[in-house]
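Remarks on the overall topology
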Amino acid sequence: IEIIPLTREPKEKLIVVQFEKGPTEEIGLLKMDFLGLKNLTIIYEACSLIKRNHGIDVDPEQLDIEDEKTFELLSKGDTVGIFQLESGGMRDTLRQVEPDCIEDIIAILALYRPGPMQFIPTYIKRKHGRETVEYDHPLLEPILKETNGIIVYQEQIQQAAQKLAGFSLGEGDILRRAMGKKKPEVMDQQRGKFVQGCQDTNGMDAKLANRIFDNITEFAKYGFNKSHSTAYGFVTYQTAWLKAHYPAEFMASLLSGEMGNSDKLTGFIAEAKERGIDVMPPSVNESIGRFNAVQDGSGIRFGMAAIKGVGEGVVEEIVAERDENGPFEGLMDFCARVGSANKKVIESLIRSGAFDFTDVHRARLFNGIDTAIGRAEEARKDKAAGQVSMFDLMGGAEETAGDGSDEELPDVKPWSESDMLAAEKELIGFFISGHPLARHEWALDNFALKRMKDIQTLAAGERTRLGGMITETRKLFTKKDQKPMATFKIEGLEGSIGAIIFPGAFEEYGQHIVEDATAMFGGVMMEEDSGDLKFQVMEIFPLEQAPSLFCDRVAIHLPEMGVNEQIMNELKSAVKQHPGQTPLLICLEFVEGQKVFLNTDHDYKVRPCAELEREIGRIIGEDLVYIAAKSDPLKNPPKPRKWERRKA
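The paragraphs below set out a description of the structure included in this document.

Scanning the protein chain for helices and strands turns up 27 helices and 15 strands. Relative to the compact-globule value of 26 Å for 648 residues, the protein chain shows a C-alpha radius of gyration of 33 Å, a clear excess of over 25%. For the protein chain, the spread of C-alpha atoms along the principal axes amounts to about 95 × 85 × 60 Å. Contacts spanning at least 24 positions in sequence make up 62% of the contacts within the protein chain whose residues lie at least 6 apart.

Structure, rendered in structure tokens:
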């Protein structure tokens, strides 16, 4: 307060200076940035899981930085979860660059920013020998060789000034800053000094020295600090190495790092499944507090600490007891061995699937909690009173009264799938053992123009049609005339996206906006002020109606050699069992390659469904039924405005 006025930043209550950065530095104060990266936690947690599962010590600071498997993963753009390389544009760049050394990664991180991105195509062409690298002076080659002749880093400007003009590195940094700020009087002064230095140090022609100065000035606008990019590059490499060599452990630690972010979790769970790694419900026999990879690498167990109502203390006791005395045999055995697990905790564990290993259905386990706890308490009381059973005397202490079988639990009717899934969503925030959308997968595959995992590839203004489940609904009203509208989330099998529906569409389709309802949505991508994409919903239809609303036609392709009267009769019978309003076409495929399309009679119009496709496939073979979806994303597209019609 003696040097600069201070205030408290409202949200975080941090003390901050009231001057901007420039004046703050000018009065002699030092500004420092401290950056915390959760990726470092993810890296070390993955190494801990590798040690736990495989007994191997991986030191992320001592990795082989020429690992072929890691660069193969990077060259494929297989970088979901990899630090700094997750965006669609970055993944596309990686596939074009095909990095094969750590220097490539460092350069890509420095170039993939607004401004220097324009040099990426040149970098790619030169790397793969499709464009010759030319240097303004031989002394620049050792400085610019690693970046294919392009000035990428601030340090390269300093080095160039040192080698060409005899500057000290400090003087080179002053030159770099002057170039960045572009103050004419300072630039003129630096140009003269640079040109004179080039003449004195290397006997260079003034014309060439001026040209080099101009070229350096062009790149100086975008130069990036190499030490910063290198530090990031090594974190990038570490995450890529772990994903390439221990994908299950890496994905598990990645999931743990996003435990509070349902959007990220959904995407990472989809990525794990795409790699053949199943994300399974928590298990008292395999889970730890956070996400954990099973030993053979085939799956990831949900962390018990992520279950609502289960604290970290009881999880630590469960894991310690299991590690010391072996896996739990069932609910009875668990209650006998884990005294701190009360009824509420056990209910949460059962409902989230943590006892599914017993092969006793969840409803029966849930209804048997009192029996199991009661039996365990009796055993503890007997032990405290010094009572000894006949089995104890015979050396069979493991068969005491506290170790009854789960077969003794009262039998009840199993819960429905929807009840089980609702419990999972309530307790862990996700559907793990199934998904309400799974039964609609055929409709999603055939009639959604974009799947949720690909939605971010669309640009703002593009229309599309996608299917999903409505969650996190919030009804709003316009400020001006208090008309109703809503925001919600559309959750797919591979991710989710925020959605908004404005008053006009809300008036027509608002009745379909119900929590956990499954629907097909038509609309347009829009960009928020933050730069994130959101989906503006223009139409909503229940997902069950999608086939009848968005199927243009069904075509059966019949190879010439396979057609006979019996097959035709079977096809007629199958088609008749699924009557509807969608036209059916027959395509005869001749051996010579010709195709003849035949319209069928109105009596043979069909209701498109998975059952019809399977039945026809059984008769004539798979992949011979074509479901043609309507190409327009909207069932009722808005009429073009007059000026649009005139333009057309």
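We now examine the nonpolar core. Nonpolar side chains tend to gather and get buried jointly when the protein is soluble and globular. By size, the foremost hydrophobic cluster in this structure holds 115 residues, and its most contacted members are F194, V284, I318, L331, F334, I346 and L349. Take this core: its biggest share by element is eight residues, from helix α5 (residues 102-111). In this structure, V284 is in contact with M304, I318, R322, F328, F334, L349, A354, F355 and F357, ignoring residues within four places of it in sequence.

Taken as a whole, the largest pocket encloses approximately 1,200 Å³ of empty space. Residue lining of the largest pocket: 32 residues in total, with E86, G267, M452, K453 and Q456 positioned closest to the centre. For the lining of the largest pocket, the secondary-structure elements that each account for two or more residues are α4 (88-97), α14 (262-274), β8 (496-501) and β10 (533-542). Residues that form the lining of the largest pocket fall into these classes: seven nonpolar, 11 polar and 14 charged.

Another aspect to go through is the packing of aromatic side chains. Per the counting criterion, the structure on display carries 16 aromatic pairs. Note on F488 and F521: the rings are 6.0 Å apart at their centroids and 35° apart in plane angle, and the pair reads as tilted. Residue F488 is found in strand β7 (residues 484-491), and its partner F521 is found in strand β9 (residues 518-527); the two are separated by 33 residues along the sequence. The interplanar angle of 75° and the centroid separation of 5.6 Å between the aromatic rings of Y509 and F541 together place this pair among those described as edge-to-face. Pair noted here: Y509 is in helix α23 (residues 503-509) and F541 is in strand β10, with a separation of 32 residues, a long-range link. Assigned by exposure class, Y509 and F541 land together as buried. Feature note: the residues F328, F334, F355 and F357 constitute an aromatic cluster, connected by ring pairs. Residue placement shows K193 over the ring face of F167; its charged tip is 5.1 Å from the ring centre. Cation over ring: K576 sits above Y604, and NZ or CZ is 4.7 Å from the ring centre.

Within β7, seven of the eight residues are buried, which leaves it mostly tucked inside the rest of the structure. Pairing of strand β6 (residues 463-477) with β7, which is carried by seven bridges, proceeds in the antiparallel orientation. Note on β7: the bridge partner recorded for I470 is I490. Counting the residues that bridge the hairpin from β6 to β7 gives six residues, and of these Q482 lies at a positive phi of roughly 55°.

Attention now moves to the sheet that holds β9. Sheets are built from strands that pair by backbone hydrogen bonding, the pairs being arranged parallel or antiparallel. Taken in spatial order, the five strands line up as β6-β7-β8-β10-β9 and close into a barrel, and their pairing is mixed. On average, each strand axis in the sheet is inclined to that of its neighbour by 50°, with strand direction left out of account.

Now for the environment of S631. Relative to the elements of secondary structure, S631 occurs in the loop between β15 (625-629) and α27 (642-647). By relative accessible area, which is 66% here, S631 ends up exposed. With 166 residues separating them along the chain, S631 and R465 place their C-alpha atoms 9.5 Å apart.

Moving on to a nonpolar patch on the surface. On the surface, a cluster of nonpolar side chains totalling about 410 Å² of accessible area is made up of I1, L6, I15 and V17. By secondary structure assignment, the location of L6 is in strand β1 (residues 6-8).

The subject of this paragraph is the pattern of salt bridges. Working definition: two side chains of opposite charge can pair if their charged atoms are close together. All chains considered together, the criterion is met by 39 salt bridges. One salt bridge connects D333 with R337, and the closest N-O pair in it is separated by 2.9 Å. Taken together, the positions of D333 and R337, both in helix α16 (residues 331-337) and four residues apart, correspond to about one turn of that helix. When sorted by exposure, D333 lands in the same class as R337, which is buried. The structure contains a network of salt bridges with shared partners spanning D78, K243, E271 and R275.

Let's shift gears to the sheet that holds strand β3 (residues 278-280). Spatially, the three strands line up as an open sheet ordered β3-β5-β4, and their pairing is mixed. Each edge of the sheet is formed by a strand with only one pairing partner; in this case those strands are β3 and β4 (292-293). Across two bridges, β4 lies against strand β5 (residues 299-301) in antiparallel orientation. What sits directly across from A293, in β5, is I300. Along the sheet, helix α13 (residues 247-257) makes contact with β3, β4 and β5, crossing β5 at roughly 30°.

Side-chain positions along a regular strand alternate between the two faces of the sheet. The element β8 is largely enclosed, with a buried count of five among its six residues. What sits between β7 and β8 in their antiparallel hairpin is a turn of four residues, with G495 showing a positive phi close to 160°. Sheet topology places β8 next to β10; two bridges connect them, and they run parallel. Paired with A499 across the bridge in β10 is F535.

With that settled, consider the packing of helix α3 (residues 68-75) against helix α12 (residues 226-245). Running from N to C, α3 and α12 point in directions that differ by 100°, and their axes come no closer than 8 Å. Here α12 runs roughly perpendicular to α3, going by the angle between their axes. Here K69, T70, F71, L73 and L74 of α3 lie close against α12, whose contacting residues are Y237, A240, W241, K243, A244 and H245. Class assignment of the residues belonging to the contact of α3 with α12 gives a composition of seven nonpolar, two polar and two charged.

Criteria and thresholds
In this convention, every chain numbers its residues from 1, walking through the sequence in written order. For this predicted model, a pLDDT threshold of at least 70 governs which residues receive local features, and a threshold of 80 or more governs which side-chain atom pairs are given and counted, while totals over whole chains, interfaces and linings are taken from all residues. No hydrogens and no water enter the side-chain calculation; it runs on all heavy atoms of the structure. Segments assigned H or I by DSSP are reported as helices when at least four residues long, segments assigned E as strands when at least two residues long, and all are numbered from the N terminus. Note that the radius of gyration is over C-alpha atoms, with the globule rule given as 2.2 Å times the number of residues to the power 0.38. Only heavy atoms enter the contact rule, under which two residues are in contact if any of them lie within 4.5 Å. Throughout, nonpolar core names a set of buried Ala, Val, Leu, Ile, Met, Phe, Trp, Tyr and Cys residues whose side chains join them through atoms within 4.5 Å. Remark: exposure states derive from per-residue accessible area (1.4 Å probe, protein chains only) relative to the maximum for the residue type, with buried under 20%, exposed over 50%, and partly exposed in between. Cavities and pockets are defined on a 1 Å grid built over the protein atoms alone: a cavity is a set of grid points where a 1.4 Å probe fits but cannot escape, while a pocket is an open set with protein on both sides within 12 Å along at least five of seven lines, and lining residues are those with an atom within 4 Å of any such point. Grid points are joined across faces, edges and corners, and a volume is the space filled by probe spheres set on the points. Classes in brief: Ala, Val, Leu, Ile, Met, Phe, Trp, Tyr, Cys and Pro nonpolar; Asp, Glu, Lys and Arg charged; the others, Gly included, polar. Any two rings among Phe, Tyr and Trp, with Trp reduced to its six-membered ring, count as a pair given centres within 6.5 Å; such a pair is stacked if its planes are under 30 degrees apart, edge-to-face if over 60, and tilted if neither. For a lysine, the NZ atom is tested; for an arginine, the CZ atom; a charge sits over a ring if that atom is within 6 Å of the ring centre and within 35 degrees of the ring normal. The rule for pairing is simple: two strands pair if DSSP sees at least two bridges between them. Fitted lines through C-alpha atoms give the axes, limited to the stretch in contact for helices. The angle between two N-to-C directions lies from 0 to 180 degrees. Like-charged residues are merged into a patch within 9 Å and nonpolar side chains (Val, Leu, Ile, Met, Phe, Trp, Tyr) within 5 Å, provided each residue has over 30% relative accessible area and no salt bridge. Working definition of accessibility: Shrake-Rupley area with a 1.4 Å probe, residue cover restricted to the visible protein chains. Here, a salt bridge means any Lys or Arg side-chain nitrogen found within 4 Å of an Asp or Glu carboxyl oxygen. The cut-offs work like this: below 35 degrees is roughly parallel, past 145 is roughly antiparallel, 65 to 115 is roughly perpendicular, and the gaps in between are oblique.

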